[in-house]
Amino acid sequence: MPLNSFQQDILKAIPCQIPPIKEYDLEVNHAPKRKDILSMEEKKLALKNALRYFPVDQHKELAADFLEELHKYGRIYMYRYRPDYKMYARPISQYPGKSEQAKAIMLMIQNNLDYAVAQHPHELITYGGNGAVFQNWIQYRLTMKYLAEMTDEQTLVMYSGHPMGLFPSHKNAPRVVVTNGMMIPNYSKPDDWEKFNAMGVTQYGQMTAGSYMYIGPQGIVHGTTITVLNAIRKIAKNREDITGKLFVTAGLGGMSGAQPKAGNIAGVISVTAEVNPKAAQTRHSQGWVDEIITDLDELAARVKQAKDKKEVVSIAYLGNVVDVWEKFDEENIYVDLGSDQTSLHNPWAGGYYPAGLSFEEANELMAENPDLFKKYVQESLRRHAASVNQHTSKGTYFFDYGNAFLLESSRAGAEIMADNGIDFKYPSYIQDILGPMCFDFGFGPFRWVCASGNPEDLEKTDEIACQVLENMMINSPAEIQQQMADNIQWIKGAQQNKLVVGSQARILYADAEGRMKIAEAFNEAISNGEIGPVVLGRDHHDVSGTDSPYRETSNIYDGSRFTADMAIQNVIGDSFRGATWVSIHNGGGVGWGEVINGGFGMLLDGSDDAKRNLRMMLHWDVNNGIARRNWARNENAIFAIQRAMEAEPLLKVTVPNCVNETLFDSFF
Ligand SMILES: NC(=O)c1ccc[n+]([C@@H]2O[C@H](COP(=O)([O-])OP(=O)(O)OC[C@H]3O[C@@H](n4cnc5c(N)ncnc54)[C@H](O)[C@@H]3O)[C@@H](O)[C@H]2O)c1
């Protein structure tokens, strides 16, 4: 069949003629201008680095354009090379290529850059303000071409968005190996990212942005629902008590946009503050938040009314969250549950907007006077924390949502430390909720994408997954019954909740056994011709994928939470057990230098190879983390690993002997 224009464009990669300049589209949500951090010599280096993708006779014209981008935006995105075709996950059959696995990866890359999915699509940022798929459009174009040309005897090597090239390998090797932001540890401070990213030699891949596994806000709705639901369970004695409870938080961005939807699913009143009108309107138009209010008095009145009527409603407040906390304190509006999902992993470059400045003023100040902007942020954080403290003194249950709110507030000198001066006053959602209730048992954000792009395939996979979980639940131990029930309820409501944005994707929390059984059932359905191929994956924010002392591994209390052996072991182990692609990142969620995280993708095509790979890889991908959590003496993980060893005789894990604390009475 002749190639269509999209396929031809992919295979052409870099056009022979320099394309015309593209107008800066103000309709699109753009990344903030990054700070001007490079010296003159470093700017030259950044230009030389960008120009090495192009023939020498084009350098003069492109150099002028790229330098202008560097001055205007703080980065060289090569906007003029942005393709003209629509960016979205096409059905796998529409991609040119020789390898089905490579085509599946192309589909996932395009999904991460889809305008309905990506936060700053023109800057190749999927979420979190700086979570990049590539650093510039030429890297995108080259990568797509490599993928379209490669065979199952090659592996594409990705260095922070840059496709280093195709290397000979074998059919059971990963088709793509991704590293993002890997630094020599001493060069992993936030300003190092600013500098080396501006130079074009590294990028912040967040978690599923740079690993092509983002599935829009749905990916996070489920985790957020579980978190909000279990947080509410901590403060409500029974289901009836939940109605009329008020949840206050901030952020309607990439992940944070899931909060109002989760609030609705959990059955509460939620108020989510958001300073960026575009972000608020996007979530409103997608049906993720019910109402937008722009005036504080109106907000207070609306919340009082919702409380009186015990409504289930999600309200976006267009403005600063600090103002909301302070207003509710003044008005004596009792907040049951509080959190925050501003992007404090990236506090100085647009992740957190300080109170007292308009959105526009803040954007200007962070680029023009970063030092003064930093002062505003820190002052705002002190006010923010003080107001939260005021509410918690009245009984509000506040938890850190893994966005480094407590960390950055403490660095700003806010009153946020516990009496012992070591811990924070408030728990992270992992310490209190997801860690002990999910990760230690192996439950985590398993996901899949129907590569046919057919919604009916997704419906069938939902049914298959539900059936598998219901069968498993019959013999599940009491310890995990709640988890199983929550997930069955989730998958039953998934179609009705219209969660799909972008590719035909689904997420649910499952343990190792659940993931393997669901994947095996999918593979069988593919082999029987009931559904098309399926891509499996997960969020990096999982049992084993991420070492992050203030988030995923914050409930590790043996001192090892500052190590990253688990995440590194995980990605190595996945890569030789059949993953189609693997990735390992520095930074993601809590910030550059604060976390190491990895993930995988796996194409199920109904073959026996896929069956063997899924069993081997998914088993390792969960049990690695349970083994480590067990060694850290986490009670639920000790239970889970013992169960896993009973089910699989080849698994032999070192189990800790827990010391009786009274032993030390005579020593200390
Ligand atoms: N949802 C989860 O499960 C989860 C888990 C772990 C961590 N996180 C963290 O949550 C944070 C948010 O992630 P995201 O993808 O939504 O980022 P994002 O940058 O897309 O969204 C954050 C939003 O907060 C808004 N904002 C910033 N300061 C504000 C302020 N003072 N008042 C009101 N609004 C403000 C921004 O305009 C932005 O739209 C990240 O740090 C992420 O790592 C989320």
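Just above sits the structure.
Analysis parameters
- Within each chain, residue numbers correspond to sequence positions counted from 1 in written order.
- The model is predicted, so local features are restricted to residues of pLDDT at least 70 and side-chain atom pairs to those at 80 or more, both for listing and for counting; the totals for chains, interfaces and linings are taken over all residues.
- Hydrogen atoms and water are omitted, and side-chain values are computed over all heavy atoms in the structure.
- Numbering of helices and strands runs from the N terminus; a helix is a DSSP stretch of H or I covering at least four residues, while a strand is a stretch of E covering at least two.
- Only protein chains enter the accessibility calculation, which uses a 1.4 Å probe; a residue whose area is less than 20% of its type maximum is buried, one above 50% is exposed, and one in between is partly exposed.
- Throughout this description, a polar contact denotes any pair of N or O atoms lying within 3.5 Å of each other; where both atoms belong to protein, one of them has to be capable of donating a hydrogen while the other can accept it, and for residues adjacent in sequence the pair is counted only when both atoms sit in side chains.
- Patch criteria: residues need more than 30% relative accessible area and no salt bridge. Like-charged residues are merged within 9 Å; nonpolar side chains of Val, Leu, Ile, Met, Phe, Trp and Tyr are merged within 5 Å.
- Here the accessible surface of atoms and residues is derived via Shrake-Rupley with a 1.4 Å probe, and residues count as covered only by protein chains that are part of the display.
- Whenever a carboxyl oxygen of Asp or Glu lies within 4 Å of a side-chain nitrogen of Lys or Arg, that contact is scored as a salt bridge.
- Here a residue counts as near a molecule or strand whenever at least one of its heavy atoms sits within 4 Å of it.
- For this classification, the nonpolar set comprises Ala, Val, Leu, Ile, Met, Phe, Trp, Tyr, Cys and Pro, the charged set comprises Asp, Glu, Lys and Arg, and every other residue, Gly included, is treated as polar.
- Grid spacing is 1 Å over the protein atoms alone, the probe is 1.4 Å, and a cavity is where that probe fits but cannot get out, while a pocket is an open set with protein on both sides within 12 Å along at least five of seven lines and lining residues have an atom within 4 Å of a point.
- Grid points are joined across faces, edges and corners, and a volume is the space filled by probe spheres set on the points.
- Between any two strands, pairing holds if DSSP finds at least two bridges.
- Any two residues whose heavy atoms approach within 4.5 Å are treated as being in contact.
- Here an angle of 0 to 180 degrees is reported between the N-to-C directions of two axes, which are lines fitted to C-alpha atoms, with helices fitted over the stretch in contact.
- The scheme is simple: roughly parallel for angles under 35 degrees, roughly antiparallel for over 145, roughly perpendicular for 65 to 115, oblique for anything else.
- The hand of a helix crossing depends on one turn: near helix anticlockwise from the far one by less than a right angle means left-handed, and clockwise means right-handed.
- A crossover gets the label right-handed when its path from the first strand over the helix to the second runs clockwise, viewed with the strands pointing away from the viewer.
- To obtain the arc, one takes the directions from the helix axis to the C-beta atoms.
- One less than the residue count of a helix, multiplied by 1.5 Å, gives the span that helix is expected to have.
- Here, nonpolar core refers to any group of buried Ala, Val, Leu, Ile, Met, Phe, Trp, Tyr and Cys residues whose side-chain atoms link them within 4.5 Å.

## Side note on the side chain of Glu42
- Checked against the element boundaries, Glu42 lands in helix H2 (residues 40–51).
- Accessibility expressed as a relative area gives 18% for Glu42, which makes it buried.
- Within the local environment of Glu42, its side chain forms a polar contact with the side chain of Lys195, the two groups lying 3.4 Å apart.

## Some words on a nonpolar patch on the surface
- On the surface, Val659, Leu663, Phe664, Phe667 and Phe668 cluster together to form a nonpolar patch covering roughly 590 Å² of accessible area.
- Among the secondary structure elements, Leu663 is positioned in the segment after helix H22 (635–647).

## Section: the site of the ligand
- In the neighbourhood of the ligand, 32 residues make up the surrounding shell, with Ser256, Glu274, Ser343, His345 and Arg551 lying closest.
- At 3.5 Å from an oxygen atom of the ligand is found a main-chain nitrogen or oxygen belonging to Gly128.
- At a separation of 3.1 Å, a nitrogen atom of the ligand approaches a polar backbone atom of Val321.
- Relative to its free-state accessible area of 850 Å², the ligand is covered by the protein chains to the extent of 98%.
- At the level of elements, helix H7 (218–235) and strand S7 (269–274) are the ones that each hand at least two residues to the shell around the ligand.
- When its residues are assigned to classes, the shell around the ligand shows eleven nonpolar, 19 polar and two charged.

## What about the pattern of salt bridges?
- Scanning the model with the defined rule gives 39 salt bridges in all.
- A salt bridge links Lys103 to Glu100; the nearest nitrogen and oxygen atoms lie 3.1 Å apart. One end of the pair is Lys103 and the other is Glu100, both in helix H4 (residues 100–113) and three residues apart, which spans about a single turn.
- In this structure Lys103 comes out as buried when scored by relative accessible area, which is 11%.
- Owing to a relative accessible area of 40%, Glu100 belongs among the partly exposed residues under this scheme.
- Between Asp152 and Arg175 there is a salt bridge, and its shortest N-O distance comes to 4.0 Å. Taken together, the positions of Asp152 in the loop between helix H5 (137–149) and strand S3 (154–159) and Arg175 in the loop between strand S4 (162–168) and strand S5 (176–180) put the pair 23 residues apart, joining distant regions of the chain.
- Looking at Arg175, the relative accessible area reads 0%, which means it is buried.
- Within this structure, Asp297, Lys304, Lys327 and Glu331 form a network of salt bridges that share partners.

## Points about empty space enclosed by the protein
- A full pass over the atoms with the stated rule returns three cavities of 30 Å³ or more.
- One number sums up the size of the largest cavity: a volume of about 40 Å³.
- Lys35, Asp36, Ile37, Leu38, Lys43, Leu70, Gly74, Arg75 and Ala198 are the residues that line the largest cavity.
- A class-by-class count of the residues in the lining of the largest cavity yields four nonpolar, one polar and four charged.

## Notes on the sheet that holds strand S10 (residues 337–338)
- Pairing is parallel across the open sheet formed by six strands, whose spatial order is S8-S9-S7-S6-S10-S11. Each having just a single partner strand, strand S8 (291–293) and strand S11 (397–398) make up the two edges of the open sheet.
- Across six bridges, the pairing between S7 and strand S9 (residues 313–318) is parallel. For Ser270, the partnering residue across the bridge sits in S9 and is Ser314.
- Where helix H10 (residues 296–308) meets the sheet, it contacts strand S6 (246–250), S7, S8 and S9, and its direction lies at approximately 170° from that of S9.

## Looking at unusual backbone geometry
- Positive phi, close to 50°, is recorded for Lys310, a residue that is not glycine.
- Tracing the backbone shows Lys310 in the loop between H10 and S9.
- Non-glycine residue Arg633 carries a positive phi angle of around 70°.
- The topology assignment puts Arg633 in the loop between helix H21 (608–631) and H22.

## So, the packing of H21 against H22
- Following both chains from N to C, one finds H21 and H22 inclined at 130°, their axes separated by 8 Å at the closest point. With respect to H22, the axis of H21 lies oblique. The element H21 and its partner H22 pack so that their crossing is left-handed. Between H21, through Asn623, Ile626, Ala627, Arg629 and Asn630, and H22, the contact on the second element is made entirely by Ala637, Ile638, Ala640, Ile641 and Ala644.
- When its residues are assigned to classes, the contact of H21 with H22 shows seven nonpolar, two polar and one charged.

## Some words on the pairing of S7
- Burial within S7 is extensive, with six of its six residues counted as buried.
- By the alternation rule, side chains of S7 split into Ile269, Val271 and Ala273 and Ser270, Thr272 and Glu274, which are all buried.
- Where S6 meets S7, five bridges bridge the pair, whose relative direction is parallel. The residue of S7 that forms the bridge with Ala250 is Ala273.
- Running through helix H8 (residues 258–266), the crossover from S6 to the neighbouring parallel element S7 is right-handed.

## Section: the packing of helix H19 (residues 512–527) against H21
- Their axes nearest at 9 Å, the elements H19 and H21 cross at an angle of 165°. One element, H19, and the other, H21, form an angle in the roughly antiparallel class. At the point where H19 passes H21, the crossing takes the right-handed sense. On H21, the residues that touch Ala512, Arg515, Met516, Ala519, Glu520 and Asn523 of H19 are Ala610, Lys611, Leu614, Arg615, Leu618, His619, Asp621, Val622 and Asn623.
- Split into classes, the residues belonging to the contact of H19 with H21 amount to seven nonpolar, three polar and five charged.

## Some remarks on helix H9 (residues 277–285)
- For H9, every residue scored as buried is listed here: Ala279, Ala280 and Arg283. Down the axis, H9 shows its buried residues gathered within 100° of arc, on one side only.
- For H9, the elements touching its buried residues are S7, S8 and S9.
- Two or three places before Lys278, at the opening of H9, Asn276 has a side-chain oxygen 2.9 Å from that residue's backbone nitrogen.
- Downstream of H9 by one or two residues, Gly287 has phi in the positive range, about 80°.

## Brief notes about H22
- Between its first and last C-alpha atoms H22 spans 19 Å; for 13 residues at 1.5 Å apiece the expected length is 18 Å, and the two agree.
- For H22, the elements touching its buried residues are H21.

## Here we look at the nonpolar core
- Among the nonpolar cores identified, the biggest contains 143 residues, and Ile109, Tyr140, Trp448, Leu536 and Leu604 are the most heavily contacted of them.
- It is H4 that contributes the most residues to this core, eight residues altogether.
- In this structure Leu536 touches Met213, Phe446, Arg447, Trp448, Ala519, Phe522, Phe600, Gly601, Met602, Leu604 and Leu618, once residues within four positions along its chain are discounted.

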